[in-house]
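Given next are the chains, with one letter for each unit.
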Amino acid sequence: MKILVIGSGGREHALAWKLAQSPHCEQLYCAPGNGGMAKIAEVVPIEETNLSLLARFAEEKKIDLTVVGPEVPLAMGVVDEFEKRNLKIYGPNKKAAEIERSKVFAKEFMDRHRIPTGRFKVATTQDEALKILNSGEFEFPVVIKADGLAAGKGVAICPNIKRAEDTIIEMMVKKKFGPAGERVIIEERLKGRELSFIVLTDGVRIQPLVTTMDHKAAYDGDKGPNTGGMGAISPSPFVTEKLFGKIIDEIIFPTITRLLEEGRRFKGTLYAGLMLTSDGPKVLEYNCRFGDPETQVQMLRMESDLVEVLMSVVEEDLIKDEIKWSLNVAGCVVLASGGYPGKYEKGKLIAGLEEAEKVPGLIIFHAGTSLVNDQFYTNGGRVLNVCAREATLQQTMKKIYDSIPVIYFDNMFYRKDIGAMREIK
Ligand code: AMP
Ligand code: GLY
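Quick look at the structure, then. (Residues numbered from 1 in each chain as written. Chains lettered and ligands numbered in written order. Predicted model: local features only at pLDDT ≥ 70, side-chain atom pairs only at ≥ 80, totals over all residues. Heavy atoms only, no water.)

### Notes on the overall build of the chain
The number of helices and strands found in the chain is 13 helices and 23 strands. Taken over the C-alpha trace, the chain has a radius of gyration of 21 Å; the compact-globule value for 425 residues is 22 Å, and the two agree within 12%. By its C-alpha atoms, the chain is 60 × 45 × 45 Å across when sized along the principal axes. When each of the 425 residues of the chain is scored for burial, the buried share is 56%. When contacts within the chain are restricted to residue pairs at least 6 apart in sequence, those whose partners lie at least 24 apart make up 69%. About 18200 Å² of surface is accessible on the chain, with carbon and sulfur atoms providing 49% of the total. (Helix = DSSP H or I, 4+ residues; strand = E, 2+ residues; numbered from the N terminus. Rg over C-alpha atoms; globule rule 2.2 N^0.38 Å. Buried < 20%, exposed > 50% of the residue type's maximum accessible area, 1.4 Å probe, protein only. Contact = heavy atoms within 4.5 Å. Areas by Shrake-Rupley, 256 points an atom, 1.4 Å probe, with all protein chains shown as cover.)

### What to know about the pairing of strand β4 (residues 65-68)
Neither face of β4 is open: one carries Leu 65 and Val 67, the other Thr 66 and Val 68, and all of them are buried. Bridging between strand β1 (residues 2-7) and β4 involves four bridges; their strand directions are parallel. Bridge pairing in β4 links Ile 3 to Leu 65. (Pairing = 2+ DSSP bridges.)

### Some remarks on the site of ligand 2
The full set of residues close to ligand 2 is Asp 214, Lys 216, Gly 228, Tyr 271, Asn 287, Arg 289, Gly 291, Asp 292, Pro 293 and Glu 294. In this structure, an oxygen atom belonging to ligand 2 sits 2.8 Å away from a side-chain N or O atom of Arg 289. Within the side chain of Glu 294, one N or O atom sits 3.0 Å away from a nitrogen atom of ligand 2. Notes on ligand 2: free accessible area 200 Å², of which the protein chains cover 92%. Its residues placed into classes, the shell around ligand 2 shows two nonpolar, three polar and five charged. (Near = heavy atom within 4 Å. Polar contact = N/O pair within 3.5 Å; in protein donor to acceptor, adjacent residues only side chain to side chain. Nonpolar A, V, L, I, M, F, W, Y, C, P; charged D, E, K, R; others polar.)

### Regarding the site of ligand 1
As a structural note, the neighbourhood of ligand 1 is formed by 15 residues, with Glu 187, Glu 188, Leu 190, Glu 194 and Glu 285 the closest of them. Within the side chain of Glu 194, a nitrogen or oxygen atom sits 2.4 Å from an oxygen atom of ligand 1. Contact with the protein chains covers 94% of the free accessible surface of ligand 1, which is 470 Å². Looking at side-chain class alone, the shell around ligand 1 contains six nonpolar, one polar and eight charged residues.

### So, the packing of helix α5 (residues 94-101) against helix α6 (residues 103-112)
In the contact formed by α5 and α6, the axes pass within 6 Å of each other and the chain directions differ by 95°. The orientation of α5 relative to α6 falls into the category roughly perpendicular. Contacts between α5 and α6 involve Glu 98, Ile 99, Glu 100 and Arg 101 from the first element and Lys 103, Phe 105, Ala 106 and Phe 109 from the second. (Axes fitted to C-alpha atoms, helices over the stretch in contact; angles between N-to-C directions. Parallel < 35°, antiparallel > 145°, perpendicular 65-115°, else oblique.)

### Looking at the nonpolar core
Core analysis: the biggest nonpolar cluster contains 47 residues, and Val 78, Phe 82, Ile 99, Ile 252 and Tyr 286 have the highest contact counts within it. For this core, the element with the most residues is helix α9 (residues 241-261), which contributes seven residues. When near neighbours in sequence (up to four residues on either side) are disregarded, Ile 252 contacts Phe 197, Val 199, Ile 206, Ile 247 and Ala 272. With 39 residues, the next largest nonpolar core counts Leu 209, Met 299, Val 313 and Val 314 among its residues. (Core = buried A, V, L, I, M, F, W, Y, C linked by side-chain atoms within 4.5 Å.)

So this is what it looks like as structure tokens:
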């Protein structure tokens, strides 16, 4: 089979790496790909948002399966564009992807169907938002969310009214997140431990992926601004069998079933961002795609053939046998550019990769790199994902952390506490 992966991050490198191991995969393309993907696939310089060009490329090359990584092309309707041309593509269509594209849609959907989530109100004007904030209905800190895709940055947790009012002005008046600021959600702050719960579904049946724990804050001790994720481990040490069953019964199944009933059959990866509160698990948000860096640790543990698994979703006949997983523990530490998630510089030479790759069992996925004259350069905020899979969490993290010092680029930083167990505040 000829397979195309759309995207250019660590998640897509991990998917491409796993797809390439399948005996079904004869030729692999990545668009636009990154430096690391260029080593295992043919990279095609088509942006992930250029839907018609992507579809035309797939048609010309007779691609048998396209796998979409990021949310933006899904929200734009890349699946609809491909299906119109009878091309097989993995991911939800535009209507189903609405669950991530619009936070207002997702919150109202959960409210309609009594899927557990934080209490909230929607405001469509600045006045309305200020009235809600001053009504005393929500205690501080309060959560304010812009209604759209903002790469995980459109959420503010405001400790007092001043910060809340400033946030409303930034989102609704100054349009910091563009049209996403036309509507905002004001939401109660939930307390507890966060959990990413990710399943594959053909719209009717589900196959859960192994559990993961993501580390979203930029700095050690969960300090600093939220990022796309600075590291992950799998399995999550906090998910008991009982909790797993509760999440499936109260959140995942109702979500899939109600979407189907509302004419939004969801085929692809459903990612529920959850808060484990003292009241039970509640949904913070839905994503319509694989997680990043959660996918990196999941692909390291997957033993089944990813091509067969994804094709079964596309064909609306999800594999019946459970996906097979290694019992080992996988870990991933993100090496980031100084300044991320704010402003950062690109184009720094990366040294030491060849040496790091000699460490047995160490796997390096590229997130934001470019390959120029056989040299790797930084090309994004999250640059590299240093990963391993060993018998215990301690062994896994030791292998990763012992290997990182051989890699170098200007202003590189990373969290030193990925996988460290800690009580939550
Ligand atoms: P979201 O994009 O909605 O997942 O929000 C990004 C991050 O903001 C989440 O991963 C949480 O850390 C935080 N967050 C979002 N909603 C809430 C909430 N209601 N209470 C506490 N934290 C939240
Ligand atoms: N790691 C968070 C996400 O993929 O949304």
